[in-house]
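Tertiary structure, described
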Amino acid sequence: SEMCIRDRLNDYEAVGHGITAVPENLKTVIQEGQKQEGKPMAVMGMGTGLGISYLTPIQTQNGFSYNSYASEYSGAQFAPQNEVEWEYFKYSQQYQGEMVDLNNFIGGCAIPYICLLYTSPSPRDRQKSRMPSSA
């Protein structure tokens with residue numbers, strides 16, 4: 001395929017272009033499943049926010065290549081799955097309001113809130129730290 005030259009490239013669009021060149025042993029699986037060759041893929045990660053790109057397959061003589069497209073994850077809402085996440089959600093509402101944007105909840109800008117949460121006393125037991133034992 002022909003590559004277009006332009007002035008700017010979104011960071012996760014660039015990640016999308018490079019991810020197919022990373023050897024499998026250097027990738028981390030976060031959800032088990034079978035890779036389906038020639039199917040669309042998504043790449044997500046944290047930086048100043050939550051970056052995402054999606055990749056669409058292109059049939060080539062040697063198999064498949066992929067086009068990468070930048071996207072944004074802003075606006076997605078966080079849905080707590082356990083007690084620690086629920087406590088962090090309630091704590092974040094003090095600073096972000098009722099709707100907690102996922103980008104602000106787990107992106108780079110969330111680090112101060114996470115530190116504040118885990119260094120303050122637990123509302124359940126003021127003698128115990130909020131820090132999970134697995135941390």
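A quick note: this is a predicted structure, and the numbers were derived from the prediction, not measured.

1. Topic: the layout of surface pockets
Its boundaries defined by the atoms lining it, the largest pocket holds a volume of some 970 Å³. T28, V29, I30, Q31 and A42 are the residues nearest the centre of the largest pocket, which is lined by 20 residues in total. Counting residues per element, the lining of the largest pocket draws most heavily on strand β1 (residues 41-46), at four residues.

2. With respect to helix α2 (residues 83-96)
Spanning 14 residues, α2 covers 19 Å between terminal C-alpha atoms, matching the ideal 20 Å at 1.5 Å per step. For α2, the complete set of buried residues consists of E87, Y88, F89, Y91, S92 and Q93. In this structure, the buried side of α2 is in contact with α3 (102-106) and α4 (111-119). G97 occupies a position one or two residues after α2 and carries a positive phi of about 90 degrees.

3. A closer look at the pattern of salt bridges
Between side chains of opposite charge, pairing is possible as soon as their charged atoms come close. Within the structure shown, the criterion is met by one salt bridge. The salt bridge partner of K27 is E24, with a shortest N-O separation of 3.2 Å. Owing to a relative accessible area of 52%, E24 belongs among the exposed residues under this scheme.

4. Section: the nonpolar core
In this structure, L50, F78, Y88, F89, Y91, V100, L102, F105, A110, L117 and Y118 together form the largest nonpolar core, which totals eleven residues. Of all the secondary-structure elements, those providing two or more residues to this core are α2, α3 and α4. The element best represented in this core is α2, accounting for three residues. If near-sequence neighbours (up to four positions away) are discounted, F89 is found in contact with F78, P80, E98, V100 and F105.

5. Comments concerning the packing of aromatic side chains
With the rule as written, the count across this model stands at two aromatic pairs. Their ring planes at 20 degrees and their centres at 5.1 Å tell us that Y54 and Y69 sit as a pair that is stacked. Remark: Y69 occurs in strand β3 (residues 63-72) and Y54 occurs in strand β2 (residues 50-60); sequence separation between them is 15 residues. Residues W86 and F89 carry aromatic rings whose centres are separated by 5.4 Å and whose planes lie at 25 degrees to one another, so their mutual orientation is stacked. Of the two residues, W86 and F89 both sit in helix α2, three residues apart, roughly one turn of that helix.

6. Overview of the confidence of the model for the protein
On average, residues of the protein score 77 in pLDDT, and 77% of them are at 70 or above. Confidence scores differ between elements of the protein, with α3 showing the lowest mean pLDDT of 71 and β2 the highest of 89.

7. A short note on the side chain of S68
By secondary structure assignment, the location of S68 is in strand β3. Overall, S68 belongs to the buried group, its relative accessible area being 5%. Among the polar contacts made by the side chain of S68, one reaches the main-chain carbonyl oxygen of E13 at a distance of 2.8 Å. Contacts of S68, omitting those with residues within four sequence positions, involve Y12, E13, G16, H17, S53, Y54 and L55.

About the criteria used
Residues numbered from 1 in each chain as written. Predicted model: local features only at pLDDT ≥ 70, side-chain atom pairs only at ≥ 80, totals over all residues. Heavy atoms only, no water. 1 Å grid on protein atoms, 1.4 Å probe; cavity = no way out; pocket = protein on both sides within 12 Å on 5 of 7 lines; lining within 4 Å. Points joined across faces, edges and corners; volume = space filled by probe spheres on them. Helix = DSSP H or I, 4+ residues; strand = E, 2+ residues; numbered from the N terminus. Expected span 1.5 Å × (residues − 1). Buried < 20%, exposed > 50% of the residue type's maximum accessible area, 1.4 Å probe, protein only. Contact = heavy atoms within 4.5 Å. Salt bridge = Lys/Arg side-chain N within 4 Å of Asp/Glu carboxyl O. Core = buried A, V, L, I, M, F, W, Y, C linked by side-chain atoms within 4.5 Å. Phe/Tyr/Trp six-rings, centres within 6.5 Å; stacked < 30°, edge-to-face > 60°. pLDDT = per-residue confidence, 0-100. Polar contact = N/O pair within 3.5 Å; in protein donor to acceptor, adjacent residues only side chain to side chain.

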